[in-house]
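Working through the structure, step by step
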Amino acid sequence: MVDINFNLTSFNSSKRRSAEKLDREWSLFAENLREMFEEVIKGDTYRNSSIAITIAVLQSNGSLKSTLINTVSLALLDAGIEMKEILTSASAGYIPNFSDQPLADLSFLEENMNRPQVVVAITANSKKIVFLETANAKLQFNRMKDMTQLALDSAEIVAKRFTAFLNKFYREQVLLQS
């Protein structure tokens, strides 16, 4: 029901990994995106249809996977696609020698320091975790728990802001039409 076409420009990344490894990583992420959104899109409404999502990343300033999940969620809402719930996402990580506390919404430079990080996606209302990915996660359990909790809390904040914005937007649309 959902087709993902993903294009990540090579010049937006400073990661010096083989193109094959990057392709594999992003192909897997595109498949995860497809599964996440197929779960929340009201499939019975689009039984004989296919929803094509095309993503072209021209620049990344960090937290790319979270940004993509949030962007696709808003784009589907804007297109009028009926969803059971909105997906929201956030990332968090540790930067040793900088802070003993995890940081939310990592920048491009922080992400590329090869330090522990996590990306989570949740459903806005039920707070169900639909995606959890760790990288460079050789970490004590308590630190991993703190980092993951910060990402979850941040995703909940994003969900509240999305909901508040959408409520205000649709209220204004109703007032304009009356």
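Residues numbered from 1 in each chain as written. Predicted model: local features only at pLDDT ≥ 70, side-chain atom pairs only at ≥ 80, totals over all residues. Heavy atoms only, no water.

Our next topic: the overall build of the protein. Along the protein, the regular secondary structure elements total 4 helices and 6 strands. Each helix and strand of the protein, placed in order from N terminus to C terminus, yields the pattern β-α-β-α-β-β-α-β-β-α. For 178 residues, the compact-globule formula gives about 16 Å, and the C-alpha radius of gyration of the protein, at 17 Å, lands near that figure. Considered along the principal axes of its C-alpha atoms, the protein spans approximately 55 × 35 × 25 Å. (Helix = DSSP H or I, 4+ residues; strand = E, 2+ residues; numbered from the N terminus. Rg over C-alpha atoms; globule rule 2.2 N^0.38 Å.)

The subject of this paragraph is helix 2 (residues 64-78). Across its 15 residues, helix 2 extends 21 Å between first and last C-alpha, which sits within 8% of the 21 Å expected from 1.5 Å per residue. Among the residues making up helix 2, those that are buried are Leu64, Lys65, Ser66, Leu68, Ile69, Asn70, Val72, Ser73, Leu76 and Leu77. Of the residues one or two after helix 2, glycine 80 is the one with positive phi, at around 85°. (Expected span 1.5 Å × (residues − 1). Buried < 20%, exposed > 50% of the residue type's maximum accessible area, 1.4 Å probe, protein only.)

A few words now on the nonpolar core. Met36, Phe37, Ile41, Ile55, Leu68, Ile69 and Leu76 are the most contacted members of the largest nonpolar core, which has 33 residues in total. For this core, the secondary-structure elements that each account for two or more residues are strand 1 (2-8), helix 1 (19-40), strand 2 (51-57), helix 2, strand 5 (117-123), strand 6 (129-135) and helix 4 (141-177). Per element, the largest residue contribution to this core is 7 residues, and it comes from helix 1. In contact with isoleucine 69, not counting residues within four places along its chain, are Phe29, Leu33, Met36, Phe37, Leu87, Ser89, Ala121 and Phe131. Ala90, Val118, Met147 and Ala155 belong to the second-largest nonpolar core, a separate cluster that totals 11 residues. (Core = buried A, V, L, I, M, F, W, Y, C linked by side-chain atoms within 4.5 Å. Contact = heavy atoms within 4.5 Å.)

Here the focus is the environment of threonine 67. As for its position among the elements, threonine 67 is in helix 2. The class of threonine 67 is partly exposed, set by a relative accessible area of 37%. Considering only alpha carbons, one finds threonine 67 and alanine 90, 23 residues apart in sequence, at a separation of 7.8 Å.

A word on a nonpolar patch on the surface. Taken together, the side chains of Phe165, Phe169 and Tyr170 define a hydrophobic patch exposed on the protein surface, amounting to about 310 Å² of accessible area. The topology assignment puts tyrosine 170 in helix 4. (Patch = residues over 30% accessible without salt bridge, like charges linked within 9 Å, V, L, I, M, F, W, Y side chains within 5 Å. Areas by Shrake-Rupley, 256 points an atom, 1.4 Å probe, with all protein chains shown as cover. Salt bridge = Lys/Arg side-chain N within 4 Å of Asp/Glu carboxyl O.)

Right, let's talk about unusual backbone geometry for a bit. The backbone of aspartate 105 sits at a positive phi, close to 55°, despite the residue not being glycine. Using a relative accessible area of 57% as the deciding quantity, one classes aspartate 105 as exposed.

In total, this model carries 3 aromatic pairs according to the counting rule given. Between the aromatic rings of tryptophan 26 and phenylalanine 29, the centroid separation amounts to 5.6 Å while the plane-to-plane angle is 85°, which identifies the pairing as edge-to-face. Residue tryptophan 26 and its partner phenylalanine 29 are located together in helix 1, separated by 3 residues, close to a single helical turn. Residue classification places tryptophan 26 among the buried residues on the basis of a relative accessible area of 11%. The interplanar angle of 70° and the centroid separation of 5.8 Å between the aromatic rings of phenylalanine 29 and phenylalanine 131 together place this pair among those described as edge-to-face. With phenylalanine 29 in helix 1 and phenylalanine 131 in strand 6, this residue pair connects regions lying 102 residues apart in the sequence. By relative accessible area, which is 6% here, phenylalanine 131 ends up buried. In textbook terms, an aromatic cluster arises when at least three aromatic residues are bridged by ring pairs, as seen for Trp26, Phe29 and Phe131. One Lys or Arg, arginine 143, reaches over the ring of tyrosine 94 and ends 4.9 Å from the middle of that ring. (Phe/Tyr/Trp six-rings, centres within 6.5 Å; stacked < 30°, edge-to-face > 60°. Lys NZ or Arg CZ within 6 Å of the ring centre and 35° of its normal.)

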